[in-house]
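Okay, here's what each chain looks like letter by letter:
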Amino acid sequence: MSTPSPRIQFEVERQAGRAPLLTVEHGRNPVQWAEDNREGLRAAVDEHGAVLVRGLGLRDPADVADAFQQLAPGGLMPDREAFAARQPYLDGVYSSLTWPANQPMCMHHELSYALEFPGLMLFACLQAPSVGGVTGVADAHAVLDAIPPDIVRRFESEGWLLARSYNEDIGATYEEAFGVSDRAGVESYCRAHEIEFEWQPDGELRTRQRRPAVVRHPVTGQRCWFNQVAFLSEWTIAPEVREYLVDVYGPDGLPFNTRFGNGEPIGEDIVALLNDIYEAHTLRTPWETGDLMLVDNVRVAHSREAYEGPREILVGMAEPRNVFDLDTHAQDGAR
């Protein structure tokens, strides 16, 4: 019987304020490298929560799709319930979310409001912007420890609620979000995914979904702040944009907003506090064209900073998990 080859141990560079960085030899075939080093890279992600790989020289969507498939042999997930549109490429590979370049995307865990979410995020940079555009990362356990205990206790007890309004003017339409084309399909999807829904007289769809705000990591058992309470809040929207949206759609017709699990509003002060805590824990390594990044989506939140110049980041999602399969200690309140 042959002896299995030993797992490669990578030396990941850690610098203050920077995301963990793994530099590999230039000129390697990126797909072959991904196949040969999958276990070692995944071990590095398990250790650090997120790893940016530099030197692979990823050049086109086909390379990216093949590399993603090697790193996620269980397959890539379809994009469902996104709050903004993505451009599909191939084999479960998508563009980053359509979002104004001058507006940051605050820290969040991908699809943490969905019943099924990716345990692993994969990013590849085909064109780095001239200014900004960093995908920041923040450790969710450290963030949780920094949040005042009374706030944590309330969210643990009640969970959090995401309210969405779908229309043809802003954000993803319900056809894009749910992958269906008619009302019956929407209603079937919502019932299967524990989403409350209501059709408005003008045909607009409004939904509400309650989810846990704190979960335990499925492998380490660490408690993690896992949600999009701050990012999808009305108070994180630029003030002039928020005023316009409220004027056009009304306070209950915003494309998205967050509340406590019992439906009560979350104050601007709490949202500002959460964003300040995220900022204090953010690690940043500017993209270079050809980079690859893997992120444990439970242990680590990610963001996208404002930028100038063309930016092309491809995204894959893998290792689906059901949020209520995680140990939340407050599942009844979060449902």
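Bringing the packing of aromatic side chains into the picture now. Applying the stated criterion across every chain yields a total of eleven aromatic pairs. The interplanar angle of 80 degrees and the centroid separation of 5.5 Å between the aromatic rings of Y174 and W199 together place this pair among those described as edge-to-face. With Y174 in helix α6 (residues 174–178) and W199 in strand β9 (residues 196–199), this residue pair connects regions lying 25 residues apart in the sequence. There is no split in this pair, since Y174 and W199 are both buried. A connected cluster of aromatic rings, assembled from ring pairs, spans F83, W99, F231 and F256. The ring of Y307 has R311 lying over it, and the distance from NZ or CZ to the ring centre is 5.5 Å.

Further remarks concern the side chain of N227. Note that N227 resides in the loop between β12 (223–225) and α8 (239–249). On the basis of relative accessible area, N227 is assigned to the buried category, the value being 1%. A polar side-chain atom of N227 sits 3.0 Å from the main-chain carbonyl oxygen of A213. A polar contact is formed between the side chain of N227 and the side chain of W225, at a distance of 3.5 Å.

Right, let's talk about the sheet that holds strand β17 (residues 312–322) for a bit. Read across the sheet, six strands follow the order β1-β2-β14-β5-β17-β3 without closing on themselves; strand pairing throughout is mixed. Edge positions in the open sheet fall to β1 (21–23) and β3 (94–95), since each of these has one partner strand only. In this structure, strand β5 (residues 116–127) lies alongside β17, joined through ten bridges in antiparallel fashion. Pairing of F117 across the sheet is with R321, part of β17. Running at roughly 135 degrees to strand β2 (residues 50–54), helix α2 (residues 38–48) makes contact with β1, β2, β5, β14 (292–296) and β17 of the sheet. In the packing of helix α3 (residues 61–71) onto the sheet, contacts are made with β5, β14 and β17, and the angle to β5 comes to roughly 145 degrees.

Strand order in the open sheet made by the three strands is β4-β15-β7, with antiparallel pairing throughout. Across the chains shown, the open sheet's two edge strands, defined by having one partner strand only, are β4 (105–108) and β7 (137–139). Ignoring strand direction, the axes of neighbouring strands in this sheet form an average angle of 15 degrees. In this sheet, strand β15 (residues 300–304) lies alongside β4 in antiparallel orientation, the contact comprising two bridges. Each residue of the ladder has a partner; that of H108, found in β15, is H302.

This part covers the nonpolar core. Counting residues in each nonpolar core, the largest one holds 65 residues, and the members touching the most others are F83, F123, I147, F155, W225, M293 and V295. No other element matches helix α9 (residues 268–280), which puts five residues into this core. Non-local contacts of F123, meaning those with residues more than four positions away in its chain, are made with F68, W287, D291, L292, M293, V295, H302, I313, L314 and V315.

Definitions and limits used
Residues numbered from 1 in each chain as written. Predicted model: local features only at pLDDT ≥ 70, side-chain atom pairs only at ≥ 80, totals over all residues. Heavy atoms only, no water. Phe/Tyr/Trp six-rings, centres within 6.5 Å; stacked < 30°, edge-to-face > 60°. Helix = DSSP H or I, 4+ residues; strand = E, 2+ residues; numbered from the N terminus. Buried < 20%, exposed > 50% of the residue type's maximum accessible area, 1.4 Å probe, protein only. Lys NZ or Arg CZ within 6 Å of the ring centre and 35° of its normal. Polar contact = N/O pair within 3.5 Å; in protein donor to acceptor, adjacent residues only side chain to side chain. Pairing = 2+ DSSP bridges. Contact = heavy atoms within 4.5 Å. Axes fitted to C-alpha atoms, helices over the stretch in contact; angles between N-to-C directions. Core = buried A, V, L, I, M, F, W, Y, C linked by side-chain atoms within 4.5 Å.

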